[in-house]
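Chain and residue survey
Listed here are the chains, written in short residue letters.
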Amino acid sequence: RYEPTWSSLDSRPLPAWFDEAKFGVFIHWGVFSVPSFGSEWFWWYWQKEKREPYVKFMEANYPPGFSYEDFGPLFTAEFFDPNQWADILKASGAKYVVLTSKHHEGFTLWGSKYSWTWNAVDVGPKRDLVAELAASVRNRTDLHFGLYHSLFEWFNPLFLEDVTNAFQTRRFPTSKSLPELYEIVTKYQPEIVWSDGDGNAPDTYWNSTGFLAWLYNDSPVRDTVVTNDRWGVGSICTHGGFYTCSDRYNPGHLLPHKWENCMTIDKRSWGYRRNAQLGDYLTIEDLVKVQWGKGVAC
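Procedures and definitions
Residues numbered from 1 in each chain as written. Predicted model: local features only at pLDDT ≥ 70, side-chain atom pairs only at ≥ 80, totals over all residues. Heavy atoms only, no water. Salt bridge = Lys/Arg side-chain N within 4 Å of Asp/Glu carboxyl O. Helix = DSSP H or I, 4+ residues; strand = E, 2+ residues; numbered from the N terminus. Buried < 20%, exposed > 50% of the residue type's maximum accessible area, 1.4 Å probe, protein only. Expected span 1.5 Å × (residues − 1). Bend = angle between axes of the 7 residues up to and from the residue. Core = buried A, V, L, I, M, F, W, Y, C linked by side-chain atoms within 4.5 Å. Contact = heavy atoms within 4.5 Å. Pairing = 2+ DSSP bridges. Right-handed = clockwise from strand over helix to strand, strands pointing away. Phe/Tyr/Trp six-rings, centres within 6.5 Å; stacked < 30°, edge-to-face > 60°. Lys NZ or Arg CZ within 6 Å of the ring centre and 35° of its normal.

**Details of the pattern of salt bridges**
Scanning the entire structure with this criterion turns up twelve salt bridges. Here Arg-1 makes a salt bridge to Asp-218, at a shortest N to O gap of 2.9 Å. Of this pair, Arg-1 sits in the segment before helix H1 (6-9) while Asp-218 sits in the loop between helix H10 (208-217) and strand E5 (226-227), placing them 217 residues apart in sequence. On the accessibility criterion, Arg-1 (71% relative accessible area) is exposed. The exposure class assigned to Asp-218 is partly exposed, which follows from its relative accessible area of 40%. The closest approach of N and O atoms between Arg-230 and Asp-196, which form a salt bridge, is 3.1 Å. Taken as a pair, Arg-230 in the loop between E5 and helix H11 (284-289) and Asp-196 in strand E4 (residues 192-196) lie far apart in primary sequence, 34 residues in all. Neither residue differs from the other here; Arg-230 and Asp-196 are each classed as buried. Three or more residues are tied together by salt bridges with common partners; here these are Lys-102, Glu-153, Lys-176 and Glu-180.

**Remarks on helix H8 (residues 171-188)**
Helix length check: H8 (18 residues) gives 25 Å between terminal C-alpha atoms against 26 Å at 1.5 Å per residue, within 8%. Of all the bends in H8, the greatest, near 30 degrees, is centred on Leu-178, and the proline Pro-179 appears no more than four residues after it. All of the buried residues in H8 are Phe-172, Pro-173, Lys-176, Ser-177, Leu-178, Pro-179, Glu-180, Leu-181, Glu-183, Ile-184, Val-185 and Tyr-188. A positive backbone phi angle near 50 degrees is found at Gln-189, which sits one or two residues after H8.

**Points about the nonpolar core**
Of all hydrophobic cores here, the largest spans 66 residues; its most connected members are Phe-42, Tyr-68, Phe-71, Phe-211 and Leu-215. Ignoring any residue separated from it by four or fewer positions in sequence, one finds Leu-215 in contact with Val-185, Val-193, Val-221, Arg-222, Val-225 and Thr-227.

**Quick word on the pairing of strand E2 (residues 96-102)**
Most of E2 sits inside the fold, with seven of its seven residues counted as buried. Where strand E1 (residues 24-27) and E2 come together, four bridges link them in parallel fashion. Directly across from Ile-27, in E2, lies its bridge partner Leu-99. In this fold, E2 hands off to helix H6 (residues 129-140), which returns the chain to strand E3 (residues 144-150); that crossover is right-handed.

**A word on the packing of aromatic side chains**
Counted according to the given criterion, the structure contains 47 aromatic pairs. A centroid spacing of 4.9 Å and a plane angle of 65 degrees characterise the contact between Phe-66 and Phe-71, whose relative ring orientation is edge-to-face. Classification of Phe-71 by relative accessible area gives buried; the value is 0%. Ring centres of Tyr-182 and Trp-214 lie 4.7 Å apart, and the angle between their planes is 65 degrees; this geometry places the pair in the edge-to-face category. Here Tyr-182 is found in helix H8, whereas its partner Trp-214 is found in helix H10, with 32 residues between them in sequence. Sitting over the ring of Tyr-216, Arg-12 keeps its end group 4.1 Å from the ring centre.

What follows is the structure, given as structure tokens:
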């Protein structure tokens, strides 16, 4: 059994299937897809940093007083056909797919009981998008199904309270983030758990080693699951199943530790944005070059 220490957890061999899978697809999808402007960091850039293009976009397109939460009911996913997605993924030649189950905005694409009224079952699509895609991928392809999950949430009051307390309190991870992780693993059994967004907090705040020990020892995917390296400040490119090191990381040479080049198709954003120009997208030649590593994101 693995102990909840990095030395023990890092000794776990990477499941063979991931070593043989050279190409995957990363799907960023959420409420940010409604304004579809700038990037998936829309809420932060608009409300926190008040960047001029985002402020002007809202002034030109939405009434005064319109909040980011008001985008929730507009995220209807009316054209979402999970079978069609699965068929496209299969035709691409990808060997795995990772869906963003929750980004930093906190909106979950499944009906999480820890994200009341801010999830895809209660608001917007009124559908469990994670469950639907997982079922289609498993029924129609041989791809391995994975889930991305953001540890922190920009504007969650519990997280902001912990920030104020210099992470000496842990209300947010114990009541929100960690329960969500256990929930998605138990419910959807992803073979990749792609963690992100440490919120400048250490792994001890997130109890990352405790969760990973459970994941590797007792979870329903303990024999096949693969994890990345984003489990708290100081863990990236140091601990975890495979290294990502930074967004769009490509060292240009082989590394002694398994790594993934999580790369975008759009040079400026991980998600769809309506203001993208043709020149903002990478060419097929550019995308082929990244295959020195593993994976490509969209």
